[in-house]
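# Structural overview for review
These are the residues of each chain, in order.
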Amino acid sequence: MTATLDCAYWEAGRCRSCTLIETPYARQLADKDAATRALLPMIPHAVWEAPQRSRPDHFRNKAKLVVGGRPGSVTVGILDGRREGVDLRDCPLHEEGLHDAIHRTADILDELRLIPYDIPARRGELKYVLLTHSPTGELMLRFVLRTRHHLERLQTSLPEIVRTLPEVRVVSVNLHPEHKAVLEGDEEVLLTEQDTLPMTVNDITLHLGVRSFFQTNTAVAAALYRTAQEWTDQLDLSTVADLFCGVGGFAHHLAGPGREVTGVEISTEAIDAARRTVTPHEVRFVAGDATAYLIGSGTADLVVVNPPRRGITTLAADLDASAARYVLYSSCNARSLATDLAAMPSLRPVRARLFDMFPQTGHSEILTLLERD
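Computed from a predicted model, the values in this text were never measured in an experiment.

Secondary structure assignment for the protein chain yields eleven helices and 16 strands. On C-alpha atoms alone, the protein chain measures out to a radius of gyration of 22 Å, which is about the 21 Å that the 2.2 N^0.38 rule sets for 373 residues. The principal-axis extents of the C-alpha atoms in the protein chain amount to approximately 65 × 50 × 35 Å. Taken across its 373 residues, the protein chain has 54% of its residues classed as buried. Accessible area for the protein chain stands at about 16300 Å²; split by element, carbon and sulfur atoms hold 49% of it. Each charge class in the protein chain can be summarised by its mean position, and for the 40 positive and 49 negative side chains these summaries are 4 Å apart.

See the structure below:
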């Protein structure tokens with residue numbers, strides 16, 4: 001079959017990451033919505049709203065690029081079955097500004113003659129480059145190195161990097177010495193004075209630290225937050241607790257007159273970034289464990305949860321037993337969401353919607369509003 005997205009890599013058989021690329025986008029969205037509803041039979045059909053579509057291409061604000069090849073002639077993209085680099089610098093999923101930045105970043109790598117990490121041989125230095133692109137065109141650039149061998153070269157080359165990428169705001173090096181299938185290590189070295197990337201979503205400018213989580217699709221993330229605002233503006237709420245708040249996307253969007261909003265996140269870096277966002281309404285942020293906060297705080301009128309793919313696990317029972325009148329659950333995994341909803345029988349779904357954060361794949365985000373019976 002022919003790809004419905006214009007992608008030379010798919011046509012040449014060099015990349016198969018976009019598993020739905022041969023399906024027209026309208027059918028992708030309809031099938032994904034139907035499959036999600038089937039996995040969540042506890043959500044009544046009548047409460048589902050029409051799915052939020054995305055543009056099918058040029059939607060990714062992040063590029064997580066494996067570096068392969070050799071010094072002076074690198075590949076940036078993925079690895080093939082032999083663990084050799086496949087260059088995907090013209091991938092049509094990346095935002096236009098990000099696409100251009102990937103090309104210039106590859107030029108930087110070639111000019112500096114950094115040594116790509118050879119996985120089968122377990123030698124070399126540069127494992128990944130990670131780029132994040134903001135709606136204003138600014139960039140965050142992170143180099144993931146095996147050791148400090150190239151660190152001084154990158155530090156002294158920072159002026160050259162900035163000349164080639166004048167829109168870059170944050171540059172850092174992540175040290176990842178282990179031979180493991182994870183993206184980054186524990187130590188981060190900032191090369192720039194600036195340590196956060198401003199990310200304007202709707203009328204709010206969030207701040208992303210080098211390790212901060214943010215949705216891959218800025219336009220659909222904006223729709224997700226707007227929907228959360230619309231749903232909750234219709235509720236009588238005095239207190240809101242945003243658990244797993246990250247850099248405060250939900251917390252800042254749900255703040256308003258007469259509402260006491262608290263964001264809770266285990267990462268102190270994320271909390272520091274969340275506190276930098278300036279809005280007309282005050283939001284309090286706490287670095288700590290979400291479950292401990294829920295149990296110790298006496299809960300809130302509305303509890304927001306936006307957990308990893310595994311879901312909220314044991315926190316579901318605590319939420320069910322809490323005094324929260326509403327729960328707003330943003331999930332990237334319908335199966336774990338189904339498990340968590342089953343563990344909260346006192347809370348019934350009253351609104352639900354799918355957000356297509358990841359066109360060309362079977363993944364999506366689901367927002368569900370629950371009300372206590």
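Let us now look at the pairing of strand E2 (residues 73-79). Of the strand pairs in this sheet, strand E1 (residues 62-70) and E2 are connected by five bridges, and their pairing is antiparallel. When the sheet's bridge partners are listed, Val67 is paired in E2 with Val76. Hairpin remark: E1 followed by E2, antiparallel, with two residues in the connecting loop; positive phi at Gly72, about 90°. If you look at the hairpin formed by E2 and strand E3 (residues 85-87), you'll find five residues sitting between the two strands, and Arg83 has a positive phi there, around 65°.

Attention now goes to the packing of aromatic side chains. This model, assessed by the stated rule, comprises one aromatic pair. Measuring from centroid to centroid gives 4.9 Å for Tyr225 and Phe250, while their planes differ by 85°, and the two rings are edge-to-face. One end of the pair, Tyr225, is in helix H6 (residues 218-233); the other, Phe250, is in helix H7 (residues 249-254), and 25 residues separate them in sequence. The residue whose ring lies beneath Arg16 is Trp10, and the NZ or CZ to ring-centre distance is 3.9 Å. The cationic tip of Lys127 hangs over the ring face of Tyr117; the distance from NZ or CZ to the ring centre is 4.9 Å.

On to the pattern of salt bridges. Tallied over the full model, the rule gives 23 salt bridges. As a salt-bridge pair, Glu49 and Arg351 come within 2.8 Å of each other at their nearest N and O atoms. Of this pair, Glu49 sits in the loop between helix H2 (25-39) and E1 while Arg351 sits in strand E15 (residues 347-355), and the two are 302 residues apart along the sequence. Of the charged contacts, one joins Arg348 and Asp373 as a salt bridge, the two residues approaching to 2.8 Å between their closest N and O atoms. Separated by 25 residues along the polypeptide, Arg348 in strand E15 and Asp373 in the segment after strand E16 (365-372) bring together distant segments of the chain. By relative accessible area, Arg348 is classed as partly exposed at 39%. Each of the salt bridges in this network shares a partner with another, and the network as a whole consists of Arg142, Glu184, Glu188 and Arg211.

Moving on, we come to the environment of Gln28. Following the sequence through the fold, Gln28 ends up in helix H2. Every residue in contact with Gln28, bar those within four places of it in the chain, is listed here: Leu20, Thr23, Pro359, Gln360 and Thr361.

Taking 1.5 Å per residue as the helical rise, H6 with its 16 residues ought to reach 22 Å, and the 22 Å between its terminal C-alpha atoms agrees with that figure. For H6, the set of buried residues is Thr218, Val220, Ala221, Ala222, Ala223, Leu224, Tyr225, Thr227, Ala228, Trp231 and Thr232. In this structure, the buried residues of H6 make contact with strand E8 (197-201), H7, strand E13 (302-305), strand E14 (326-331), E15 and E16.

Moving on to helix H3 (residues 96-112). If you check H3, its first and last C-alpha atoms are 25 Å apart, about what 17 residues at 1.5 Å a residue would give, namely 24 Å. If you check which residues of H3 are buried, you get Leu98, Ala101, Ile102, Arg104, Thr105, Ala106, Ile108, Leu109 and Leu112. Immediately downstream of H3, the backbone of Arg113 shows phi near 55°, a positive value.

As summarised here, the arrangement of the seven strands in space is E12-E11-E10-E13-E14-E16-E15, forming an open sheet in which the pairing is mixed. Edge positions in the sheet fall to strand E12 (283-287) and E15, since each has one partner strand and no second. Averaged over neighbouring strand pairs, the angle between their axes works out to 15° when direction is ignored. The pairing of E14 with E16 spans six bridges and is antiparallel. Counterpart to Tyr329 in the pairing with E16 is Thr368. Those strands touched by helix H9 (residues 290-297) are strand E10 (239-243), strand E11 (260-265), E12 and E13, and its axis lies near 160° from that of E10.

Turning our eyes to something else, we now look at the sheet that holds strand E5 (residues 139-145). Ordered in space as E3-E2-E1-E4-E5-E6-E7, the seven strands form an open sheet in which the pairing is mixed. Each edge of the open sheet is held by one strand with a lone partner, namely E3 and strand E7 (187-190). The mean inter-strand angle of the sheet, taken between neighbouring strand axes irrespective of direction, is 40°. Looking at chain direction, E5 and strand E6 (residues 168-175) are connected through seven bridges and run parallel.

The next thing to look at is the side chain of Asp33. Along the chain, Asp33 falls in helix H2. For Asp33, a relative accessible area of 8% corresponds to the buried category.

Calculation criteria
- Residues numbered from 1 in each chain as written.
- Predicted model: local features only at pLDDT ≥ 70, side-chain atom pairs only at ≥ 80, totals over all residues.
- Heavy atoms only, no water.
- Helix = DSSP H or I, 4+ residues; strand = E, 2+ residues; numbered from the N terminus.
- Rg over C-alpha atoms; globule rule 2.2 N^0.38 Å.
- Buried < 20%, exposed > 50% of the residue type's maximum accessible area, 1.4 Å probe, protein only.
- Areas by Shrake-Rupley, 256 points an atom, 1.4 Å probe, with all protein chains shown as cover.
- Lys, Arg positive; Asp, Glu negative; His and termini not counted.
- Charge placed at Lys NZ, Arg CZ, Asp CG, Glu CD.
- Pairing = 2+ DSSP bridges.
- Phe/Tyr/Trp six-rings, centres within 6.5 Å; stacked < 30°, edge-to-face > 60°.
- Lys NZ or Arg CZ within 6 Å of the ring centre and 35° of its normal.
- Salt bridge = Lys/Arg side-chain N within 4 Å of Asp/Glu carboxyl O.
- Contact = heavy atoms within 4.5 Å.
- Expected span 1.5 Å × (residues − 1).
- Axes fitted to C-alpha atoms, helices over the stretch in contact; angles between N-to-C directions.

Taken by themselves, the reported measurements are silent on function.
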